[in-house]
Amino acid sequence: MIPRSADWKNALSNAIRDPAELLALLELPRELLPAARKAAEQFPLRVPRSYLCRIEKGNIHDPLLRQVLPLGEELNAPPGYTTDPVGDGAATALPGLLHKYHGRVLLTLTGGCAIHCRYCFRRHFPYGEENPGRDGWQGVINYLEANPEVDELILSGGDPLLLDTPQLQRLSDKLQQLPQLRRLRIHTRLPVVLPERCDAELLTWLQGLPWQVVIVIHTNHPHELAGSAVENLAALQQIGVTLLNQSVLLRGVNDDVTTLEELSRKLHVCGVLPYYLHQLDRVLGATHFEVSDEEAISLHTTLSNRLSGYLVPRLVREIAGEGAKQAL
Ligand SMILES: *Cc1c(COP(=O)(O)O)cnc(C)c1O
Ligand code: SF4
């Protein structure tokens, strides 16, 4: 019998990693190649094929393409941009465990992702070394026992759903020793960018968890919500998962009110509530995505004037050392 995980693992290993192939498939000018190769040396290209289907061929300005195509601008290094803009290094309680905020801790299960987002603040973070691995999970349990006010565990990464379902099951079995846990939150792009991951095995695991489950999808543009991504969200909603979205405000991707408005409406159709709209973390390599605070606030004000309150995400920035994400 073919293991059920074969499909998504195949989709993952078939992801595009060669800039030349990406340009060819999307019928983009070959002149983009030298810069793409140079930028990809710093942070490799990775795009699942199903994501590619949602990109318009021949359009260098496509908002989904912009999230994944390495550009020469990534090599700019203006002052104020660093490799650890959110102070994760300082908040590490144990390898892979970040305890920054009251009542919740964030566990990075893997450094890997199915897609490499060019704006990612984790592009320089050594998650390969920083995740606890299976042997480290007991350390996490001990830490949580010593901090009984923590009632929510956040699985993050990388993308935590890159662990296969049996691994996730072993982790959740261990976590059941902790009576304090009320919520399990999963931050993942996979239901949208690698739709194959939401297979029956994953849904069964989620449905069997004894906690309230919250999944935060990271979608930046309404075009991402297409095809089987939409079906996945319906399936997750049907099994009782609370679905939230968090976006990053990105120059050339979603820095206009019409796009943000359409994103909120489409999310709601898919059963997802907009949660945060993040100002970009000042990570080296992402300078060309920055939107000024002034412009961000103005966009957000217009958005608030056009949408029902529950469709307006909170505009926030992460500031190292603060007790919560900071509203702008
Ligand atoms: C963002 C973040 C959280 C979650 O914050 P919420 O405001 O609850 O979404 C938790 N821990 C860390 C380390 C974070 O960076
Ligand atoms: S999926 Fe998330 S963690 Fe992974 S590269 Fe994209 S933004 Fe970064």
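First things first, this report covers the structure right here in the doc. Small disclaimer: the values here were computed from a predicted structure and weren't measured. (Residues numbered from 1 in each chain as written. Chains lettered and ligands numbered in written order. Predicted model: local features only at pLDDT ≥ 70, side-chain atom pairs only at ≥ 80, totals over all residues. Heavy atoms only, no water.)

## Structural notes on the site of ligand 1
In the neighbourhood of ligand 1, the contacting residues comprise Leu98, Lys100, Tyr101, Arg104, Leu106, Ile154, Arg185, Tyr275, Tyr276, Glu318 and Lys325. In isolation ligand 1 offers 380 Å² of accessible surface; the protein chains occlude 91% of this area. If you list the elements that add at least two residues to the shell around ligand 1, you get strand 2 (97–101), strand 3 (104–108) and strand 8 (273–278). A per-class count over the shell around ligand 1 returns six nonpolar, no polar and five charged. (Near = heavy atom within 4 Å. Areas by Shrake-Rupley, 256 points an atom, 1.4 Å probe, with all protein chains shown as cover. Helix = DSSP H or I, 4+ residues; strand = E, 2+ residues; numbered from the N terminus. Nonpolar A, V, L, I, M, F, W, Y, C, P; charged D, E, K, R; others polar.)

## A closer look at the nonpolar core
Among soluble globular proteins, nonpolar side chains are generally buried collectively. Ranked by size, the top nonpolar core spans 76 residues in total, and within it Leu22, Leu153, Leu175, Leu184, Leu206, Ile215 and Leu236 carry the most contacts. Counting only domains with at least three residues in this core, you end up with domain 1 (5–75) and domain 2 (92–327). In contact with Leu184, not counting residues within four places along its chain, are Leu153, Leu155, Leu175, Trp205, Leu209, Trp211, Gln212, Val213 and Val214. Of all hydrophobic cores here, the second largest spans 12 residues; its members include Val257, Leu260, Leu277 and Ala296. (Core = buried A, V, L, I, M, F, W, Y, C linked by side-chain atoms within 4.5 Å. Buried < 20%, exposed > 50% of the residue type's maximum accessible area, 1.4 Å probe, protein only. Domains from an automatic or database assignment. Contact = heavy atoms within 4.5 Å.)

## Here we look at the pattern of salt bridges
On inspection of all chains with the given rule, the structure shows 18 salt bridges. Across the pair Glu261 and Arg265 runs a salt bridge, and its minimum N-O distance is 2.8 Å. Of this pair, Glu261 and Arg265 are both found in helix 12 (residues 257–269), four residues apart, which corresponds to roughly one turn of the helix. Among the ionic pairs, Glu261 bridges to Arg306, the shortest N-O distance being 3.0 Å. A residue pair is termed long-range when its members are at least 10 positions apart, and Glu261 in helix 12 and Arg306 in helix 13 (residues 293–306) qualify at 45 residues. Assessed through its relative accessible area of 14%, Glu261 is described here as buried. Among the residues examined, Arg306 registers a relative accessible area of 44% and is labelled partly exposed. One connected set of salt bridges, linked through shared partners, spans Asp151, Glu152, Arg183 and Arg185. (Salt bridge = Lys/Arg side-chain N within 4 Å of Asp/Glu carboxyl O.)

## What to know about helix 11 (residues 228–238)
All buried positions along helix 11 are accounted for by Ala229, Asn232, Leu233 and Leu236. Along helix 11, the residues classed as buried sweep out an arc of 95° about the axis, all on the same side. Every exposed residue of helix 11 that faces more than 90 degrees away from the buried side is listed here: Glu231 and Gln238. Looking at the packing, one finds that the buried side of helix 11 touches helix 9 (190–193), helix 10 (200–208), strand 6 (212–217) and strand 7 (242–248). Among the residues trailing helix 11, Gly240 stands out with phi positive, at a value near 90°. (Arc of directions from axis to C-beta.)

## Notes on the site of ligand 2
In the neighbourhood of ligand 2, the contacting residues comprise Cys113, Ile115, Cys117, Cys120 and Arg189. Along the lines of polarity and charge, the residues of the shell around ligand 2 split into four nonpolar, no polar and one charged.

## Some thoughts on the packing of aromatic side chains
With the rule as written, the count across this model stands at two aromatic pairs. Consider the rings of Tyr119 and Phe289, whose centres lie 6.0 Å apart with planes at 85°: the pair is edge-to-face. In this pair, Tyr119 sits in the loop between strand 3 and helix 6 (127–130) while Phe289 sits in the loop between strand 8 and helix 13, placing the two residues 170 residues apart along the sequence. The ring of Trp8 is capped by Arg197, whose NZ or CZ atom sits 4.2 Å from the centre of that ring. (Phe/Tyr/Trp six-rings, centres within 6.5 Å; stacked < 30°, edge-to-face > 60°. Lys NZ or Arg CZ within 6 Å of the ring centre and 35° of its normal.)

## Some details on the pairing of strand 5 (residues 183–188)
Along strand 5, five of the six residues are buried, which leaves the element largely enclosed by surrounding structure. Pairing of strand 4 (residues 152–156) with strand 5 involves four bridges; the strand directions are parallel. For Leu155, the partnering residue across the bridge sits in strand 5 and is Ile186. On the question of chirality, the crossover connecting strand 4 to the parallel strand 5 by way of helix 8 (residues 165–175) is right-handed. Sheet topology places strand 5 next to strand 6; six bridges connect them, and they run parallel. Directly across from Leu184, in strand 6, lies its bridge partner Val213. (Pairing = 2+ DSSP bridges. Right-handed = clockwise from strand over helix to strand, strands pointing away.)

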